[in-house]
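Chain by chain, the residues run as shown.
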Amino acid sequence: PQLGAAEAGEPTAEAIIAKYVEAIGGLEALQKVDSRSVRYRVHMFGRDGYSMERSWQRPNIMRSGPPGAPSYTLTEGPKSWRVGPDGRKELPDQVAANFARLADIDGPLVDSAKKGISVEFVGTEQFDMAELHQIRLTFKDGTRWELFFDARSGLLRKRKKPSFYMLNNEISRGPDTWTYFYDYRPVQDILFPHVWVQATDDHTHAFVTEEIIINE
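Residues numbered from 1 in each chain as written. Predicted model: local features only at pLDDT ≥ 70, side-chain atom pairs only at ≥ 80, totals over all residues. Heavy atoms only, no water.

A.B. asks: So what's going on with the overall build of the protein chain? Residues and values would help.
C.D. replies: Counting its regular elements, the protein chain contains three helices and 13 strands. Relative to the compact-globule value of 17 Å for 216 residues, the protein chain shows a C-alpha radius of gyration of 18 Å, a close match. By principal-axis analysis of the C-alpha atoms, the protein chain measures approximately 60 × 40 × 40 Å. When burial is assessed residue by residue, the protein chain has 44% of its 216 residues classed as buried. Counted over contacts in the protein chain with a minimum sequence separation of 6, partners at least 24 positions apart contribute 40%. Just so you have it, the protein chain exposes about 12000 Å², and 49% of that area is on carbon and sulfur atoms. (Helix = DSSP H or I, 4+ residues; strand = E, 2+ residues; numbered from the N terminus. Rg over C-alpha atoms; globule rule 2.2 N^0.38 Å. Buried < 20%, exposed > 50% of the residue type's maximum accessible area, 1.4 Å probe, protein only. Contact = heavy atoms within 4.5 Å. Areas by Shrake-Rupley, 256 points an atom, 1.4 Å probe, with all protein chains shown as cover.)

A.B. asks: Help me get a handle on unusual backbone geometry, residues and values and all.
C.D. replies: With an omega of 5 degrees, the peptide bond running from Arg58 to Pro59 counts as cis. Note that Pro59 resides in the loop between β2 (50–57) and β3 (61–65). Unusually for a residue other than glycine, Gln188 sits at a positive phi of about 50 degrees. For Gln188, the location among the structural elements is in the loop between β11 (170–187) and β12 (190–199). At Asp189, a residue that is not glycine, the phi angle is positive and equals roughly 75 degrees. Relative to the elements of secondary structure, Asp189 occurs in the loop between β11 and β12.

A.B. asks: Just give me the short version of the environment of Gly65, but keep the residues and values in it.
C.D. replies: On the secondary structure map, Gly65 appears in strand β3. Note: C-alpha distance between Gly65 and Met52 (13 residues apart in sequence) is 5.6 Å. In contact with Gly65, other than residues within four places in its own chain, are Met52, Glu53 and Tyr72.

A.B. asks: Break down the pattern of salt bridges for me, with residues and values.
C.D. replies: Counted by the stated rule, this structure contains 12 salt bridges. The salt bridge partner of Lys115 is Asp104, with a shortest N-O separation of 2.4 Å. In this pair, Lys115 is assigned in the loop between α3 (93–103) and β7 (118–127) and Asp104 in the loop between α3 and β7, connecting sequence segments 11 residues apart. The partly exposed category is assigned to Lys115, whose relative accessible area is 27%. Among the residues examined, Asp104 registers a relative accessible area of 13% and is labelled buried. In this structure, Arg157 and Asp150 form a salt bridge, with 3.4 Å as the shortest nitrogen-oxygen distance. For the pair shown, Arg157 and Asp150 are each scored as buried. The network of salt bridges with common partners includes Arg39, Glu210 and Glu211. (Salt bridge = Lys/Arg side-chain N within 4 Å of Asp/Glu carboxyl O.)

A.B. asks: How would you sum up the packing of aromatic side chains? Please name residues and give values.
C.D. replies: Enumeration according to the criterion identifies eight aromatic pairs in this entry. When the centroid spacing of 5.1 Å and the interplanar angle of 65 degrees are considered together, the rings of Phe139 and Trp145 count as edge-to-face. Trp145 shares its class with Phe139; the two are buried. Pairwise contacts between aromatic rings join Phe127, Phe148, Trp178 and Tyr180 into one cluster. Residue placement shows Lys158 over the ring face of Phe127; its charged tip is 4.3 Å from the ring centre. (Phe/Tyr/Trp six-rings, centres within 6.5 Å; stacked < 30°, edge-to-face > 60°. Lys NZ or Arg CZ within 6 Å of the ring centre and 35° of its normal.)

A.B. asks: Residues and numbers for the nonpolar core, please.
C.D. replies: Note on soluble globular proteins: their nonpolar side chains tend to be buried together. Residues Leu109, Ile135, Leu137, Leu147 and Phe149 are the most contacted members of the largest nonpolar core, which totals 41 residues. When neighbours within four sequence positions are excluded, Leu109 is seen to be in contact with Ile17, Tyr20, Ile135, Leu137, Leu147 and Phe149. (Core = buried A, V, L, I, M, F, W, Y, C linked by side-chain atoms within 4.5 Å.)

A.B. asks: Now, about the side chain of Lys158: what can you tell me, with residues and values included?
C.D. replies: Along the chain, Lys158 turns up in strand β10 (residues 156–167). Engagement of the side chain of Lys158 in a polar contact is seen with the side chain of Glu125, the distance being 2.7 Å. Not counting the four nearest positions on each side in its chain, Lys158 is found in contact with Glu125, Phe127, Leu132, Glu146, Leu147, Phe148, Trp178, Thr179, Tyr180 and Phe181. (Polar contact = N/O pair within 3.5 Å; in protein donor to acceptor, adjacent residues only side chain to side chain.)

A.B. asks: Lay out the confidence of the model for the protein chain with the relevant residues and their values.
C.D. replies: Averaged over the protein chain, the pLDDT score is 90; the fraction of residues at 70 or greater is 91%. Considering only residues more than four positions removed or in separate chains, one finds that residues 1–6, a stretch of pLDDT under 50, has 15 contacts. (pLDDT = per-residue confidence, 0-100.)

What follows is the structure, given as structure tokens:
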């Protein structure tokens, strides 16, 4: 269905965000978390699944790679490196900026204004037999994310964001990535999606959580 423009009586972006934060456990519970790690299984059509791990440390440190592997991606604030046995190589700014947005342990919906992220309500649509409220996040560099929240539960159901890839040391804008979130379950009183699916024009990945560890 066609998205409608925001009208009088429709929810504000701020109200949608507040409902989401409360739905997943509340601001106090989120900000108690000093570090978090998620181990998950990645499934692609026609290939064997493989395990990956992503960990966060407050405020903006993130590490991604196969569990226990010597090579991984490390993000600290605005900078990212590919780390391996031979040392570490800094990633280009555009790629690092994408990782930096993901490295925020609280996510961009907490204290958005302080982080220079603008939020706006876009409209409402029907999806998977549910009414979804769409909001748009615009980051300082102009990058936009589209987020869709279940109007009843407040939970995030899907997200659209741009993707980038490297080929011959050149950065190119890839197709938008859609992520669909399923199977929310509590871990130490915070709800996390335990299954999510990412899809672009040319591939689809399914991710299944194996373990989430939270340290306060």
